[in-house]
Amino acid sequence: MSSAGKPGMLWAAAALLAVAVRCAFVEFPVERADELTMARFKAEYADKLRPVVIRGNDRTRAEAALWSAGDFRDRCGAGEITRYVSDASSSAWGGFDMRGERRVPLASFFGEVERSNRSRDIYGFDYNLKCDCEAFVEQTTILPYFKQDAWPVLIAGMPGTRSQLHVDNSFLPFWLTLLAGRKIFRAVERGHWSPALVDRGVVDRAGQESEIPNFKGSYLGRFLLVVDDDGDAEFALDWYDDAAVLDAVGGADVYSSVLEPGDSVYIPVAALHGGSNVGDAPALAITGNYHDEAHHAILVDVYCEGKVRRLMRQSKKLTRIKAMVKDPSCLFWAGALGDVEPTTDRGPVDAPAPLADVVYPDPWFCRSYGPRAWRRGCNVTRTRCPLEEEGDDDDDDDESDFVVDENRDGVLSRQELSLKFAQVSPRYLEGVPDARLTWGLLARWVAAEVEAIWPAGAARPTAAAIDAAIFARFFFEDGTERPVGDFNPGEL
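Counting from 1, residues in each chain are numbered in the order their sequence is written. Under the rules for a predicted model, residues below a pLDDT of 70 receive no local features and side-chain atom pairs below 80 are neither given nor counted, while totals for whole chains, interfaces and linings still include all residues. The side-chain figures draw on all heavy atoms in the structure; neither hydrogens nor water molecules are used.

### Things to note about helix α3 (residues 58-65)
- Only protein chains enter the calculation, and the probe is 1.4 Å; a residue is then buried if its accessible area is under 20% of its type maximum, exposed if over 50%, and partly exposed in between. Numbering of helices and strands runs from the N terminus; a helix is a DSSP stretch of H or I covering at least four residues, while a strand is a stretch of E covering at least two. Buried within α3 we find T60, E63 and A64. For α3, the buried positions fall inside an angular range of 100° around the axis, keeping them on one side. Turned more than 90 degrees away from the buried face of α3 sit D58 and A65, all of them exposed.
- Looking at the buried positions of α3, the neighbouring elements they touch are α7 (134-139), β7 (141-142) and β9 (174-180).
- Its side-chain oxygen 3.1 Å from the backbone nitrogen of R59, N57 forms the N-cap of α3. Think of it as the arc spanned by the lines of direction from the helix axis to the C-beta atoms. What makes two residues a contact is simply this: any of their non-hydrogen atoms within 4.5 Å. Two N or O atoms count as a polar contact when they lie within 3.5 Å, although within protein this holds only if one can serve as hydrogen donor and the other as acceptor, and sequence-adjacent residues are included solely when both atoms are side-chain atoms.

Put into structure tokens, the structure is as follows:
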């Protein structure tokens, strides 16, 4: 083959590949709320990282009709919502101009969008339903797939507002139930955006960069890097402009469907997603990120292992065990912080649950928002989290020298003790080969150490008793440290 003929052949090959990997718009898989079981949801969607639209039924549509924008404004308008402004030139989260971000009363937010000729640009997120609109929580049920870890928020936007596709923090799965308006929802699975929009390795497989032109839709040569490894946008792209998406995004299926009031959508771990509000009425939705038993192993595999690899690439001195303990969320999902099962009854596994019965009995609610918690300003805690009887807080000043009261509620928990042992584990597990150093081994080592200090079923020890037990286990009487090898995981 002559050198003169080679570029022409490469052009032809690139053109064929450009067609082969062109972006495609596809409909979301659709299920019915009355028919999708929890077992099939997990097997077909959560485990396979597939999104799904769950069409509403008479109950979900009737509940959605109970609350309009005016109802939220008049009955729960004092609570605050985060106000964002869309910016077509922004590559920040959701395509918003973060300089316009601020917390405003919900009533003021709705007043502004009703008066403003910029209402198409103003979007509201993260209105705290559980604290600021108890009446809504008490009138609403939640689908069985999301009830194990449900602290939903309200989002609101006028027709024309939109959020550009993004991946949520820690790759957490996401759900949304539409209350009012209509919404075009779009998503790209992790298995599509990661190799198609990020993977530079395709250049090495396809040929030399200098020899292959960059076709739009092709990932040969200097292909367009749409998102980074974390799913964050590299440049501003309107994901609802079909022509622009077809030009910029190749090799990835883009799911697209229209949601009506009462419909829900599930976005799996690490999927890009966003919505555009259409129609004539304000779009209102309840949404939430969540993590439950169905997703823990997936989050560890997709998010935590990826984060460990990135951290180790960034710092050659960072060992695997030190990277593993950097993110407490990963420790929690891996089971290294103790019991991850819900501590309240959510009812039959395939049945929806009253939202109030999911949110308020959860011990984490009062730990986070109650009288002794570090978060303040929750309007319902006076009735939902009554003050302890006098004398119950005698241990408030009994602080540990070893364990941190992470939520500042004046009480040390097994989870806080587990976190401390996970954080010090690199000292004792550094010698374990990487091939053996699994999340399961780390969880078992932490559990064994916690059991030695605070046996399961035993009464809650004081901070002083915890400190004494830790000292006796890890130090000799003269204060010198016991050999690190004494705490080798052995057969764990």
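### Observations concerning the packing of helix α18 (residues 439-453) against helix α19 (residues 463-474)
- Orientation is described by lines fitted to C-alpha atoms, with helices fitted over the stretch in contact, and by angles between N-to-C directions that extend from 0 to 180 degrees. It is at 9 Å that the axes of α18 and α19 come closest, and there the two elements cross at 115°. Within the contact between the two elements, α18 uses E449, A452 and I453 and α19 uses I466, A469, I470, R473 and F474.
- Grouping the constituent residues of the contact of α18 with α19 by class yields six nonpolar, no polar and two charged. Residues are sorted three ways: Asp, Glu, Lys and Arg are charged, Ala, Val, Leu, Ile, Met, Phe, Trp, Tyr, Cys and Pro are nonpolar, and all the rest, Gly among them, are polar.

### As for the packing of helix α2 (residues 38-46) against helix α11 (residues 293-314)
- Axis separation between α2 and α11 bottoms out at 11 Å; the angle between their running directions is 20°. The angle between the axes of α2 and α11 places the two elements in the roughly parallel class. Here the hand of the crossing between α2 and α11 comes out right-handed. Every residue of α11 that contacts α2 at M38, F41, K42 and A46 is listed here: A294, H295 and I298.
- Per-class residue counts for the contact of α2 with α11 are five nonpolar, one polar and one charged. We call two directions roughly parallel when the angle between them is under 35 degrees, roughly antiparallel when it is over 145, roughly perpendicular when it lies between 65 and 115, and oblique otherwise. Should the near helix be turned anticlockwise from the far one by less than a right angle, the crossing is termed left-handed; should it be turned clockwise, right-handed.

### Section: the side chain of T140
- In this fold, T140 is placed in the loop between α7 and β7.
- Excluding anything up to four places from it in sequence, T140 contacts E63, I286, A353, P354 and L355.

### Details of the pairing of strand β11 (residues 253-259)
- Where burial is concerned, most of β11 is hidden: five out of the seven residues are buried.
- As judged from the five bridges shared by strand β10 (residues 182-188) and β11, these two strands associate in the antiparallel manner. Bridge pairing links A187 to Y255 in β11. Strands were regarded as paired on the criterion that DSSP finds at least two bridges between them.

### A short note on the packing of aromatic side chains
- The pairing test for Phe, Tyr and Trp rings, Trp by its six-membered ring, is centres within 6.5 Å, and the orientation test on the planes gives stacked under 30 degrees, edge-to-face over 60, and tilted for anything in between. Tallied over the full model, the rule gives 32 aromatic pairs.
- Between F28 and Y255 the ring centres are 5.5 Å apart and the planes differ by 45°, which places this aromatic pair in the tilted class. Separated by 227 residues along the polypeptide, F28 in the loop between β1 (24-26) and β2 (30-32) and Y255 in strand β11 bring together distant segments of the chain.
- Residue Y255 is classed as buried on the basis of its relative accessible area of 11%.
- For the ring pair F171 and Y303, a centre distance of 5.4 Å and an interplane angle of 65° mean the geometry is edge-to-face. Here F171 is found in the loop between β8 (153-157) and β9, whereas its partner Y303 is found in helix α11, with 132 residues between them in sequence.
- Y303 sits in the buried class, given a relative accessible area of 10%.
- Taken together, the ring pairs in this structure connect F41, Y145, F146, W175, Y266 and Y290 into an aromatic cluster.
- Our definition puts a charge over a ring when NZ of Lys or CZ of Arg is within 6 Å of the ring centre and also within 35 degrees of the ring normal. Lying across the ring of W454, R414 places its NZ or CZ 5.4 Å from the centre.

### What to know about the pairing of strand β4 (residues 80-86)
- Taken across its seven residues, β4 has six buried, putting it largely inside the fold.
- Summarising the sheet, β4 and strand β5 (residues 96-105) pair through six bridges and their orientation is antiparallel. Counterpart to R83 in the pairing with β5 is R102.
- Pairing between β4 and strand β6 (residues 122-128): four bridges, direction antiparallel. When the bridges of β6 are listed, R83 appears paired with G124.

### Overview of the pattern of salt bridges
- Note on definitions: salt bridges are taken to be side-chain nitrogens of Lys or Arg within 4 Å of carboxyl oxygens of Asp or Glu. In the structure shown here, the tally under the stated rule is 22 salt bridges.
- Residues D74 and R73 are paired through a salt bridge, measuring 3.0 Å at the closest nitrogen-oxygen approach.
- Assessed through its relative accessible area of 27%, R73 is described here as partly exposed.
- Through salt bridges with shared partners, one network takes in E44, K48 and R50.

### A look at the state of the cysteines
- A pair of sulfur atoms, both from cysteines and within 2.5 Å, is called a disulfide here. Scanning the model with the defined rule gives four disulfides in all.
- Covalent S-S linkage joins C131 and C378, the inter-sulfur distance amounting to 1.9 Å. The chirality of the disulfide connecting C131 with C378 is left-handed, given an S-S dihedral of about -95°. Pair noted here: C131 is in helix α6 (residues 129-132) and C378 is in the loop between α15 (363-369) and α16 (381-384), with a separation of 247 residues, a long-range link.
- With a relative accessible area of 8%, C378 lands in the buried category.
- Put simply, C304 and C330 are joined by a disulfide, and their sulfur atoms are 2.1 Å apart. Sign of the S-S torsion, about -100° for the bond between C304 and C330, identifies this disulfide as left-handed. Taken together, the positions of C304 in helix α11 and C330 in helix α13 (residues 328-333) put the pair 26 residues apart, joining distant regions of the chain. The same class applies to C304 as to C330, namely buried.

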